[in-house]
Amino acid sequence: MKVLITGFDPFGGEKINPAWEAVKKLPEKIDDIEVIKVQVPTVFKKSANELFAAIDRVNPDVVICVGQAGGRFDISIERVGINIEDGRIPDNEGYQPIDTKIFEDGENAYFSTLPIKAIVEELKKENIPASVSNTAGTYVCNHLMYSLLYYLDKKGLKNVRGGFIHVPFIPEQVIDKKNMPYMELSRITAGLETAIKAVGKYKVDKVITGGKEC
Ligand code: PCA
């Protein structure tokens, strides 16, 4: 099995992006799973175009995109990407869309095809805080998740599974932020490794609770 995993470059005034820092530290091989790592820019269209090129080049069985979710305390496994972009801040090339569609000919939303509940369960078993998240926001992460699932759908790549994982800040990012949650980088990396193993183990997701009230 081949897993293509991406992490973003820093954005929003941060010096590093924990997503890429953690992805970078992953081994090239996890059991018999080959891991191919690619950095993508925090830029709306460019991130997706670079991902599409990587998918064409690598021919993966699974694609996992990883992004920073500053303010969240756990590793969140995203359920859904939506066909909208609405930037609170401009991307790294100064582009700030407001309420525009990502793809005119795409569905309103696409669901992750990763075993999201099983991943959460496996992470918790390792004492790593984790949950299913029902929104990847409306910025570049949602753009990339939506675009990934759109691309797999439009290209008829039915056997390729894909989805998105958000990770918290790491300690060095919160030194001057008040009451901001963080997770050690080594724990985030271990979490991604566990998530990859779970994707290898569960071809179909587990039917277990993991929903939320408002
Ligand atoms: N997080 C941002 C974009 C890049 C990243 O790592 C987001 O959540 O949209």
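Keep in mind the model is a prediction, meaning the values are calculated, not measured.

Visitor: Looking at this model, I keep getting lost on the state of the cysteines. Mind explaining?
Guide: Tallying each qualifying case throughout the model produces 0 disulfides. There is no disulfide at Cys65, and the cysteine sulfur nearest it, in Cys141, is 8.9 Å away.

Visitor: What is the right way to read helix H3 (residues 116–125) from this model?
Guide: Two residues of an α-helix separated by three or four positions point the same way, owing to the 3.6 residues in each turn. Counting buried positions over the 10 residues of H3 gives 7, a clear majority of the element. Elements in contact with the buried residues of H3: strand S5 (75–78), strand S8 (130–133) and helix H6 (185–201). Looking one or two places after H3, you find Asn127, whose phi comes out positive at around 65 degrees.

Visitor: I tried to follow the site of the ligand on my own but got confused; where do I start?
Guide: Lining the immediate surroundings of the ligand are Phe8, Phe11, Asn17, Thr42, Gly67, Gln68, Tyr139, Val140, Cys141 and His166. Contact between the ligand and His166: an oxygen atom at 3.0 Å from a side-chain N or O atom of the residue. Taken by itself the ligand offers 260 Å² of open surface, and the protein chains cover 93% of this. Put simply, the parts of the chain that give the shell around the ligand at least two residues each are strand S4 (62–68) and helix H4 (140–154). When grouped by side-chain class, the residues that make up the shell around the ligand number 5 nonpolar, 5 polar and no charged.

Visitor: Teacher, can you tell me more about the pattern of salt bridges here?
Guide: If the charged atoms of two oppositely charged side chains come close together, the side chains can form a pair. For the structure on display, the rule yields 9 salt bridges. Between Glu14 and Lys177 there is a salt bridge; the shortest N-O distance is 2.8 Å. You can see Glu14 sitting in the loop between strand S1 (2–8) and helix H1 (18–25) and its partner Lys177 sitting in the loop between helix H5 (171–174) and H6, a full 163 residues away along the chain. Connected via shared salt-bridge partners are Glu122, Lys125 and Lys201.

Visitor: Teacher, can you tell me more about the sheet that holds strand S9 (residues 161–167) here?
Guide: Backbone hydrogen bonds hold the strands of a sheet together, and the pairing may be parallel or antiparallel. Pairing is mixed across the open sheet formed by 7 strands, whose spatial order is S2-S3-S1-S4-S9-S5-S8. What marks the edges here is a single partner per strand, and that holds for strand S2 (29–30) and S8. By the bridge criterion, 7 bridges tie S4 to S9 in an arrangement that is parallel. When the bridges of S9 are listed, Ile64 appears paired with Gly163. The strands touched by H1 are S1, strand S3 (33–40), S4 and S9; relative to S1, the strand with the most contacts, the crossing angle is about 145 degrees. Where H4 meets the sheet, it contacts S1, S3, S4, S5 and S9, and its direction lies at approximately 170 degrees from that of S9.

Visitor: How do you make sense of the side chain of Ser133 when you look at a structure like this?
Guide: Here Ser133 lies in strand S8. A polar contact is formed between the side chain of Ser133 and the side chain of Arg72, at a distance of 3.4 Å. Here the side chain of Ser133 touches Glu78 through a polar contact of 2.7 Å, side chain to side chain. The contacts of Ser133, once residues within four sequence positions are left out, are Arg72, Ser76, Ile77, Glu78, Arg79 and Lys212.

Visitor: Would you take a moment to explain unusual backbone geometry for this structure?
Guide: Apart from glycine, the bulk of residues carry a negative phi angle, and the bulk of peptide bonds sit in the trans form. Its identity as a non-glycine residue notwithstanding, Asp31 has a phi of 50 degrees, on the positive side. Structurally, Asp31 can be placed in the loop between S2 and S3. Residue classification places Asp31 among the exposed residues on the basis of a relative accessible area of 60%.

Here is what the cut-offs are and how they apply
- Residues numbered from 1 in each chain as written.
- Predicted model: local features only at pLDDT ≥ 70, side-chain atom pairs only at ≥ 80, totals over all residues.
- Heavy atoms only, no water.
- Disulfide = S-S within 2.5 Å.
- Buried < 20%, exposed > 50% of the residue type's maximum accessible area, 1.4 Å probe, protein only.
- Helix = DSSP H or I, 4+ residues; strand = E, 2+ residues; numbered from the N terminus.
- Contact = heavy atoms within 4.5 Å.
- Near = heavy atom within 4 Å.
- Polar contact = N/O pair within 3.5 Å; in protein donor to acceptor, adjacent residues only side chain to side chain.
- Areas by Shrake-Rupley, 256 points an atom, 1.4 Å probe, with all protein chains shown as cover.
- Nonpolar A, V, L, I, M, F, W, Y, C, P; charged D, E, K, R; others polar.
- Salt bridge = Lys/Arg side-chain N within 4 Å of Asp/Glu carboxyl O.
- Pairing = 2+ DSSP bridges.
- Axes fitted to C-alpha atoms, helices over the stretch in contact; angles between N-to-C directions.

Purely geometric stuff here, so don't read any function into it on its own.
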